[in-house]
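Spelled out, the chains give:
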Amino acid sequence: MSTEVVMPRMGETVDEGTVNVWHKAQGDQVTEGEPLLEIGTDKVDSDIPAPATGVLAEVRVAVEETVPVGTVLAVIQ
């Protein structure tokens, strides 16, 4: 079973975010709750925790790429 990591809404008026850094690389083991990546918006930078335990099977958004809320950033299997 796979779990999608999606761009969260970081505030009522924030519609997009930029991936500042990935703390894990594709193929790495991740544990639910550990920091997976850092997202930046015009208001705040924030670490996003892994929503599940498994392997970071796919990274879909590169560092410095800006995407809308709800975009799938990665897949954990």
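Residues numbered from 1 in each chain as written. Predicted model: local features only at pLDDT ≥ 70, side-chain atom pairs only at ≥ 80, totals over all residues. Heavy atoms only, no water.

1. As for the pattern of salt bridges
Where charged atoms from two side chains of opposite charge come close, those side chains can pair. Stated formally: Salt bridges are counted wherever a side-chain nitrogen of Lys or Arg sits within 4 Å of a carboxyl oxygen of Asp or Glu.
Using the criterion set out here, one finds three salt bridges in the structure. Residue glutamate 58 pairs with arginine 60 through a salt bridge whose shortest N-O separation is 3.0 Å.

2. A short note on the pairing of strand β8 (residues 72-76)
To be explicit about the condition: Here the term buried applies to any residue with accessible area under 20% of the maximum for its type, exposed to any over 50%, and partly exposed to those in between, with areas from a 1.4 Å probe on protein chains only. The way it works is that DSSP assigns letters per residue, a run of H or I at least four long becomes a helix, a run of E at least two long becomes a strand, and they are numbered from the N terminus. When DSSP locates at least two bridges between a pair of strands, those strands are taken to pair.
With five of its five residues buried, β8 lies for the most part within the structure. Judged from the four bridges that link them, strand β1 (residues 3-6) and β8 form a sheet pairing that is antiparallel. If you follow glutamate 4 over to β8, its bridge partner there is valine 75. Pairing of strand β6 (residues 54-59) with β8 involves three bridges; the strand directions are antiparallel. Bridge pairing in β8 places leucine 56 opposite isoleucine 76.

3. Examining the sheet that holds strand β5 (residues 45-49)
We apply this condition: Axes here refer to lines fitted to C-alpha atoms; in helices the fit is confined to the stretch in contact. Angles between the N-to-C directions go from 0 to 180 degrees.
The antiparallel open sheet is built from four strands, whose spatial order is β5-β4-β2-β7. The open sheet has two edge strands with one neighbour each: β5 and β7 (66-68). Sheet twist, expressed as the average angle between the axes of neighbouring strands with direction ignored, equals 40 degrees. Where strand β4 (residues 35-40) lies against β5, five bridges are found, and the strand directions are antiparallel. Bridging across to β5, proline 35 finds its partner in proline 49.

4. A short note on the nonpolar core
For clarity, the threshold we go by: Nine residue types can take part in a nonpolar core, namely buried Ala, Val, Leu, Ile, Met, Phe, Trp, Tyr and Cys, and a core is a set of them joined through side-chain atoms within 4.5 Å. The contact rule is simple, with two residues in contact once any of their heavy atoms fall within 4.5 Å.
Grouped together as the largest cluster of nonpolar side chains are 16 residues, with contacts concentrated most on Leu36, Leu37 and Leu73. Among the secondary structure elements, those contributing two or more residues to this core are β2 (16-22), β4 and β8. With sequence-adjacent residues up to four places away left out, leucine 37 is seen in contact with Val5, Val19, Val21, Trp22, His23, Ser46, Asp47, Ile48 and Leu73.

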